Amino acid sequence: MSRPALVHLVAAARPNFMKVAPLWHALAADPAFAVQIVHTGQHYDANMSDAFFSDLGLPEPHHHLSVGSGTHAEQTARVMIAYEAVALGGRPDWTVVVGDVNSTAAVALVCAKLMIPVAHLEAGLRSRDRSMPEEVNRLVTDVLADLLWTPSPDGDENLRREGVPAERIERVGNIMLDSFELLRGRIEADDAGARLGLGARRYGVVTLHRPANVDDRDTLTGLVAQLRAAADSLDLVFPVHPRTRKQLQAFGLHDTLAGTPGIRLIEPLGYVPFMSLVTRAALAITDSGGLQEETTYLGIPCLTVRPNTERPITISEGTNRLVKPAELLENVGQALDGHWPAGRRPALWDGRTAGRCVTSLRQRIGVA
Ligand code: UD1
């Protein structure tokens, strides 16, 4: 190809930005590619989006679709309409989508209809729980994508079982950890814990935002009671997702939780301060996908408050355990007493995934 191949890198929501950033840096350094960032605007608050762009050295998006929040159909449809116009205005040679958010599936669907080749980064993960919107997004994206970049062998196996031809599947490893290694120096130098007054006691990091945990009054009430009891044993710092804050307030739980000694409810943090907190934490309590992986990489006990995970390798090889809401306190005790798997880093979780993606894409555009 005589001109550089135009690649659209699609970023939409908080968990996407640390997957897009290493690939942006690697592709931008390769003259075979001209890269443009497309931000769908699914996340739009400064602390859910802009903080990540600046921490991760991402440029201003070349295209901003400003879709905002809405029902699943509204959000997905708005991304489709807006991205179709962008793709028709300047047709990319390849589009890269990441993760499993609504924008991921929406863009894959647009590309499939326009016959634009799509690569899916973080392909093949399955929770086998279609009540999770992300599972539907994963299935739709993977059936449409031309190139499936997987983080772990279970991803390859899931795709093969679904009939995806082997030549479309490439295991590249876990790109999240490229971001961590890119910013390790700043993360280790950051003193987010001291700024929050943590230090005298061990502390845990809490993130909860899944509809299954925060949208139901009884479930969230039970979780709040467990967190308050756990705060007897260690400090808990809880950066609160906008959805969760809204639900805590709606159920009248916010002030009780915020007023509990040992619990600090704070605004969502940027990537560097958040990872700085995590690296020094005694444990994490979460329903996030990414944090299950980051804690496995760092060897920190992770209590995942979900009935299943699309990232089983964090349990079989790492430090993750699935925990029922009612058993949170008991599991916190076990983690603090050292009764927890030590774990190891899965293969190819090495901070060099972006390079493997670039090599893969070079082969596909015929410049390998
Ligand atoms: C989305 C993803 C989820 C991911 C999560 C990380 C889907 C289906 N879900 O969930 O997989 O783990 O992002 O955060 O794509 N809001 C704001 N400001 C923002 C963004 C959202 O206030 O910048 C509020 C709005 O009230 C919105 C609600 O949060 O309605 C939910 O946002 P949405 O993007 O629909 O889903 P998330 O729960 O963030």
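Residues numbered from 1 in each chain as written. Predicted model: local features only at pLDDT ≥ 70, side-chain atom pairs only at ≥ 80, totals over all residues. Heavy atoms only, no water.

I'd like a rundown of unusual backbone geometry, residues and numbers included.
Most of the time, phi is negative for any residue but glycine, and the peptide bond is trans. Unlike most non-glycine residues, Met115 shows phi in positive territory, near 60°. When you line up the elements, Met115 lands in the loop between helix H4 (102–114) and strand E5 (118–121). Residues other than glycine seldom take positive phi values, yet Glu122 does so here, at roughly 90°. Tracing the sequence through the fold places Glu122 in the loop between E5 and helix H5 (133–144). (Helix = DSSP H or I, 4+ residues; strand = E, 2+ residues; numbered from the N terminus.)

Account for the pattern of salt bridges, with residues named and values stated.
According to the stated counting rule, one finds 29 salt bridges in the structure shown. For the salt bridge of Arg184 with Glu188, the shortest nitrogen-to-oxygen distance reads 2.9 Å. Placement of both Arg184 and Glu188 in helix H8 (residues 184–189) is noted, with a separation of four residues, approximately one turn of the helix. By relative accessible area, which is 44% here, Glu188 ends up partly exposed. A single network of salt bridges, built from pairs that share partners, joins Lys19, Asp100, Glu122, Glu135, Arg138, Glu293, Arg306, Glu310 and Arg311. (Salt bridge = Lys/Arg side-chain N within 4 Å of Asp/Glu carboxyl O. Buried < 20%, exposed > 50% of the residue type's maximum accessible area, 1.4 Å probe, protein only.)

A description of the sheet that holds strand E11 (residues 283–286) should follow, citing residues and the corresponding values.
Strands belonging to one sheet form pairs held by backbone hydrogen bonds; the direction of such a pair is parallel or antiparallel. Read across the open sheet, the six strands follow the order E10-E9-E8-E11-E12-E13; overall the sheet is parallel. Both outer strands of the open sheet, strand E10 (263–266) and strand E13 (320–322), are each paired with one neighbouring strand and no more. Each strand axis lies, on average, 20° off the axis of its neighbour in the sheet, ignoring direction. Here four bridges tie strand E8 (residues 203–207) to E11, and the two strands are oriented parallel to one another. Looking at the pairing, Val205 lines up with Ala284 of E11. The sheet contacts of helix H15 (residues 290–298) involve E8, E11, strand E12 (302–304) and E13, and relative to E12 the element is tilted by about 160°. (Pairing = 2+ DSSP bridges. Axes fitted to C-alpha atoms, helices over the stretch in contact; angles between N-to-C directions. Contact = heavy atoms within 4.5 Å.)

Read these as spatial facts, not as claims about activity.
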